[in-house]
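Geometric and topological summary
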Amino acid sequence: MTVSPELAPASVLKASPELLRSVFRRHAAGVAVITAAGERPAGFTATSLNSVAAEPPLVSFGIGTSSSTWPVLAEAEHVGVHILGEHQQELAATFARSGADRFGPSTEWSSGPEGVPLLSGVSAWLVCRVVARVPAGDHRIVIAEAVAGDPSGAGRPLVYHQGRFTALRD
């Protein structure tokens, strides 16, 4: 077996939070916003959204337990899952920014099924019933079952890559 120069042991780094962040900056991910109703509506930008199963229709996403949104999500029975379009970079940034007024005047939204805050102008959305919150380090993996949705929004998806929001290129 030969070792290629780019994989030589000198280039191998020990596992660390910085290594994980550096590797995943190279991984392009779709951008979603997760919302929940509480005393005040809460939400955050997520790039960890995954389809888990078709039957029953399950999705998952991760959320840090230090997030200002976690206390609301820890209690929520239902969540909104919004797939953002390439025209929604500012919305993604608002929901990613700590301390931002996420549901302020610049955010168009309404109360949807199960009282979940639904964002306007998204490519697609689901309302999901939370079925599990799995501890995973300093995060929780939330697994939720879709109960309603709308896939009819227009536009191409927003993508997160190399630490910034961007659009797909042809």
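Model, not experiment: these values are computed from the prediction.

The number of helices and strands found in the protein is three helices and twelve strands. Taking all 170 residues of the protein together, the buried fraction comes to 35%. Carbon and sulfur atoms make up 55% of the accessible area of the protein, which totals about 10200 Å². Within the protein, the 15 negative side-chain charges are centred at a point lying 10 Å from the centre of the 13 positive side-chain charges.

Most of strand E3 (residues 42-46) sits out of view: five of its five residues are buried. Here strand E2 (residues 32-36) runs beside E3; their pairing, made up of five bridges, is antiparallel. Residue pairing across strands places Val33 opposite Thr45, the latter belonging to E3. Taking the residues that link successive antiparallel strands as the turn, the E2-E3 hairpin has five residues.

Working definition: two side chains of opposite charge can pair if their charged atoms are close together. Per the counting criterion, the structure on display carries three salt bridges. A salt bridge links Arg129 to Glu145, with the shortest nitrogen-to-oxygen separation between them at 2.8 Å. One end of the pair, Arg129, is in strand E9 (residues 124-136); the other, Glu145, is in strand E10 (residues 139-150), and 16 residues separate them in sequence. Judged by its relative accessible area of 35%, Arg129 is partly exposed.

A few words on helix H3 (residues 89-96). Every buried residue belonging to H3 is among Leu91, Ala92, Ala93, Thr94 and Phe95, and all of these are buried. Lining the buried residues of H3 we find E2, E3, strand E8 (117-119), strand E11 (158-161) and strand E12 (164-167).

Let's shift gears to the nonpolar core. Taken as a class, soluble globular proteins show a tendency for nonpolar side chains to be buried jointly. Residues Ile34, Phe44, Phe61, Leu73 and Val79 are the most contacted members of the largest nonpolar core, which totals 18 residues. Counting only elements with at least two residues in this core, the list comes to E2, E3, strand E5 (58-64), helix H2 (70-75), strand E6 (78-83), E9 and E10. Look past the residues within four positions of Phe61 in its chain and what remains in contact with it is Ile34, Phe44, Ser48, Leu49, Leu73, Val79, Arg140, Ile141 and Val142. Judged by nonpolar contacts, the second largest core, of 16 residues, contains Val33, Phe95, Leu119 and Trp125.

Moving on: the sheet that holds E3. The strands that make up a sheet pair up through hydrogen bonds in the backbone, lying either parallel or antiparallel. Ordered by their spatial adjacency, seven strands build an open sheet running E3-E2-E6-E9-E10-E5-E4, and the pairing between neighbours is antiparallel. The sheet is open, and its two edges are formed by E3 and strand E4 (50-53), each paired on a single side. Put simply, the sheet's adjacent strands are angled 35° from each other on average, direction ignored. Of the pairings in the sheet, the one linking E9 to E10 comprises eleven bridges and is antiparallel in character. By the bridge assignment, Leu126 is partnered in E10 with Gly149. Across the face of the sheet, H3 comes into contact with E2 and E3 while running at roughly 115° to E3.

Another point: the sheet that holds E11. Here three strands make up an open sheet; going across it, the order is E1-E11-E12 and the pairing antiparallel. Of all the strands in the sheet, the pair left with one neighbour each is strand E1 (29-30) and E12. Direction of pairing for E1 relative to E11: antiparallel, over a ladder of two bridges. Within the sheet, the bridge partner assigned to Gly30 lies in E11 and is Val159. With respect to the sheet, H3 is in contact with E11 and E12, its orientation differing from that of E12 by roughly 155°.

Moving on: the side chain of Thr35. Along the chain, the position of Thr35 falls in strand E2. A relative accessible area of 0% means that Thr35 is categorised as buried. A polar side-chain atom of Thr35 sits 2.6 Å from the main-chain carbonyl oxygen of Pro117. If sequence neighbours within four positions are ignored, Thr35 has contacts with Ala42, Gly43, Val79, Gly80, His82, Phe95, Phe103, Val116, Pro117 and Leu119.

Scoring rules and cut-offs
- In this numbering scheme, every chain counts its residues from 1 along its sequence in written order.
- Where local features are concerned, this predicted model is filtered to residues with pLDDT of at least 70; where side-chain atom pairs are given and counted, the filter is 80 or more; whole-chain, interface and lining totals use all residues.
- Note that the side-chain values use all heavy atoms of the structure and ignore hydrogens as well as water.
- Helix numbers and strand numbers start at the N terminus; a helix is a DSSP run of H or I with at least 4 residues, a strand a run of E with at least 2.
- Note on exposure labels: buried denotes an accessible area under 20% of the residue type's maximum, exposed denotes more than 50%, and partly exposed covers the range between, all computed with a 1.4 Å probe on protein chains only.
- Methods summary: accessible areas were calculated by the Shrake-Rupley approach with a probe of 1.4 Å, and residue burial reflects only the protein chains presented.
- In this charge count, Lys and Arg are treated as positive and Asp and Glu as negative; neither His nor the chain ends contribute.
- For charged residues, the charge sits on one atom: NZ in Lys, CZ in Arg, CG in Asp, CD in Glu.
- A pair of strands is considered paired only if DSSP assigns at least 2 bridges between the two.
- Take a side-chain nitrogen of Lys or Arg and a carboxyl oxygen of Asp or Glu: if they are within 4 Å of each other, that pair is a salt bridge.
- Contacts: residue pairs with any heavy atoms within 4.5 Å of one another.
- Residues belong to one nonpolar core when they are buried, are Ala, Val, Leu, Ile, Met, Phe, Trp, Tyr or Cys, and are joined through side-chain atoms within 4.5 Å.
- All axes are obtained by fitting lines to C-alpha atoms, using only the stretch in contact for helices, and the reported angles, taken between N-to-C directions, cover 0 to 180 degrees.
- Under the rule applied, a polar contact is a pair of N or O atoms within 3.5 Å (in protein, one hydrogen donor and one hydrogen acceptor; residues adjacent in sequence only if both atoms are side-chain atoms).

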